[in-house]
Amino acid sequence: MSEVHRIKCGNGNCYIIENGACGILVDTGKKEFLQRVIDACRQYNVKMIVLTHAHFDHAENAAQISDMLGIPIAMNDRDCDLIKSNTNQGLSASTFLGKIVLSASLKDFAVRTMREFKPDVLLNDGDNLSDYGIDARIISLPGHTNGSIGIDVDEEHLIVGDALMNMFYPTVSMLYHNKEEMLESARKISKIGYRIIYFGHGSPKPNRRWA
C-alpha cells in the first residue's frame, strides 16, 4: 500500500506518493518552494515527476527538479502548449471568488515564465505507474485545462490537481478552460466512489457529489 504526503507550498500543494521503497512527485510548485520540494523528494527515493497540469504554480520547478534528481517528467500531451506560455489556454470563472482568483492568476501568467522542458513520458487515461514503482492509475480530468489528469492511488487516494478546488471551500474548479468538460470531470470523480480527494489547493476531503 502507498501513502500520500502533502507538501504545502503557499496556497498550493505538491504530493509525494510512496510505498516505502520509492516515490513519485505529483506537481512541483512555484520556484519559491523549490528547496522545500527537493528536500521532501530526497526522503522517498522519488523516481518520477507527474504533473496534473502545466500551470506554473504546479509545474514551475519541473525542469529544475528533473535535472537535480535525474528523473523523468510525465504529463498529458494536451497541456504541452502551456509549457511555453500559460496564456495559451484561456481561463474563465463564474463565481465572485472565482473571478478574484482568475484576476490574480492572469496577472501571474503575464509575468511568470517557466524554464521550458519536453515531457519524457506522455500519460493518458488508464495508464498505470507500476513501472515506476507505484500502484497508481491515471484518470483524464479535462476542463480546468485540456490535459488535466488525476492519479488514483490504491483505490483509496485520488489526487485531482485543479479539477476540483478547496481554496476557500470544497467545490468544482473555480477556473476553467472548458466549463462543460470541467463539470463532466467533476461528475466522473463523484462516480468513482469512496476516495480521499487531494486538491491542488486546500486540504484533503472525502469524495462526494461535486456536480
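It should be emphasised that the depicted structure is a prediction, and the values quoted were computed from it without experimental measurement. (Residues numbered from 1 in each chain as written. Predicted model: local features only at pLDDT ≥ 70, side-chain atom pairs only at ≥ 80, totals over all residues. Heavy atoms only, no water.)

Trainee: Even after reading the chapter, I still don't get helix H6 (residues 179-192), so can you show me in this structure?
Mentor: The α-helix advances 3.6 residues per turn, and as a result positions three or four apart in sequence lie on the same side. For H6, which comprises 14 residues, the first-to-last C-alpha distance of 20 Å matches the rise-based estimate of 20 Å (1.5 Å per residue) to within 8%. Where H6 is buried, its residues meet strand E9 (157-161), strand E10 (164-165), strand E11 (171-172) and strand E12 (196-199). The distance from a side-chain oxygen at the start of H6 to the backbone nitrogen of glutamate 180 is 3.2 Å, and the residue carrying that oxygen is asparagine 178. Directly beyond the C-terminal end of H6, a positive phi value near 95° is found at glycine 193. (Helix = DSSP H or I, 4+ residues; strand = E, 2+ residues; numbered from the N terminus. Expected span 1.5 Å × (residues − 1). Contact = heavy atoms within 4.5 Å. Polar contact = N/O pair within 3.5 Å; in protein donor to acceptor, adjacent residues only side chain to side chain.)

Trainee: Any chance you could explain the pattern of salt bridges here in plain terms?
Mentor: Enumeration over the complete set of coordinates arrives at eight salt bridges. Linking arginine 115 and aspartate 67 is a salt bridge whose minimum nitrogen-to-oxygen distance equals 2.3 Å. Taken together, the residues span a long stretch of sequence, with arginine 115 in the loop between helix H5 (96-111) and strand E6 (121-122) and aspartate 67 in helix H3 (residues 62-69) at a distance of 48 residues. By relative accessible area, arginine 115 is classed as partly exposed at 41%. The salt bridge partner of glutamate 184 is arginine 187, with a shortest N-O separation of 3.3 Å. Of this pair, glutamate 184 and arginine 187 both sit in helix H6, three residues apart, roughly one helical turn. Salt bridges sharing common partners tie together Glu32, Glu60 and Arg112. (Salt bridge = Lys/Arg side-chain N within 4 Å of Asp/Glu carboxyl O. Buried < 20%, exposed > 50% of the residue type's maximum accessible area, 1.4 Å probe, protein only.)

Trainee: Where do I start with the environment of cysteine 80 in this structure?
Mentor: Take cysteine 80: it is sitting in the loop between strand E5 (73-75) and helix H4 (81-84). Taking the C-alpha atoms as reference points, cysteine 80 and asparagine 13, separated by 67 residues in sequence, lie 21 Å from one another. Apart from the residues lying within four places of it in its own chain, the contact partners of cysteine 80 are Met75 and Pro119.

Trainee: How do you make sense of the nonpolar core when you look at a structure like this?
Mentor: Most often, soluble globular proteins have nonpolar side chains that are buried together. Formed by 34 residues in total, the largest nonpolar core has its most connected members in Ile7, Leu25, Val37, Leu51 and Phe117. Here this core takes four residues from helix H1 (residues 34-41), the largest share from any one element. Grouped together as the second largest cluster of nonpolar side chains are 19 residues, Val4, Ile17, Ala74 and Ile159 included. (Core = buried A, V, L, I, M, F, W, Y, C linked by side-chain atoms within 4.5 Å.)

Trainee: Any chance you could explain the packing of aromatic side chains here in plain terms?
Mentor: Aromatic rings in a pair are described by how distant their centres are and how their planes are angled relative to each other. With the rule as written, the count across this model stands at three aromatic pairs. When the centroid spacing of 5.5 Å and the interplanar angle of 80° are considered together, the rings of tyrosine 15 and tyrosine 198 count as edge-to-face. Of this pair, tyrosine 15 sits in strand E2 (residues 12-18) while tyrosine 198 sits in strand E12, and the two are 183 residues apart along the sequence. Seen in terms of ring centroids, phenylalanine 199 and tryptophan 210 are 6.0 Å apart; in terms of plane orientation they differ by 85°. Their pairing is edge-to-face. One end of the pair, phenylalanine 199, is in strand E12; the other, tryptophan 210, is in the segment after strand E13 (205-206), and eleven residues separate them in sequence. There is no split in this pair, since phenylalanine 199 and tryptophan 210 are both buried. (Phe/Tyr/Trp six-rings, centres within 6.5 Å; stacked < 30°, edge-to-face > 60°.)

Trainee: When you look at the side chain of arginine 112 in this model, what are you seeing that I'm missing?
Mentor: Relative to the helices and strands, arginine 112 is located in the loop between H5 and E6. A distance of 2.9 Å separates the side chain of arginine 112 from the side chain of glutamate 32, its partner in a polar contact. At 2.7 Å, the side chain of arginine 112 forms a polar contact with the side chain of glutamate 60.

Trainee: Sorry, what's going on with the packing of H1 against H3 here?
Mentor: Working note: a packed helix pair is described by the angle between its axes plus the distance between those axes. Where H1 meets H3, the closest approach of the two axes is 11 Å, and the angle between their N-to-C directions is 40°. When the axes of H1 and H3 are compared, the pair comes out oblique. Relative to H3, the crossing made by H1 is right-handed. The segment H1 lies against H3, with Leu34, Val37, Ile38 and Cys41 engaging Gln64, Ile65, Met68 and Leu69. Broken down by class, the residue content of the contact of H1 with H3 amounts to seven nonpolar, one polar and no charged. (Axes fitted to C-alpha atoms, helices over the stretch in contact; angles between N-to-C directions. Parallel < 35°, antiparallel > 145°, perpendicular 65-115°, else oblique. Left-handed = near helix turned anticlockwise from the far one by under 90°. Nonpolar A, V, L, I, M, F, W, Y, C, P; charged D, E, K, R; others polar.)

Trainee: I tried to follow unusual backbone geometry on my own but got confused; where do I start?
Mentor: Residues apart from glycine generally show negative phi values, whereas peptide bonds are mostly found in trans. One non-glycine residue, aspartate 27, adopts positive backbone phi at about 70°. Located in the positive-phi region is asparagine 45, a residue other than glycine, with phi close to 50°. Relative to the helices and strands, asparagine 45 is located in the loop between H1 and strand E4 (46-50). Relative accessible area serves as the criterion here: at 41%, asparagine 45 is assigned to the partly exposed category.

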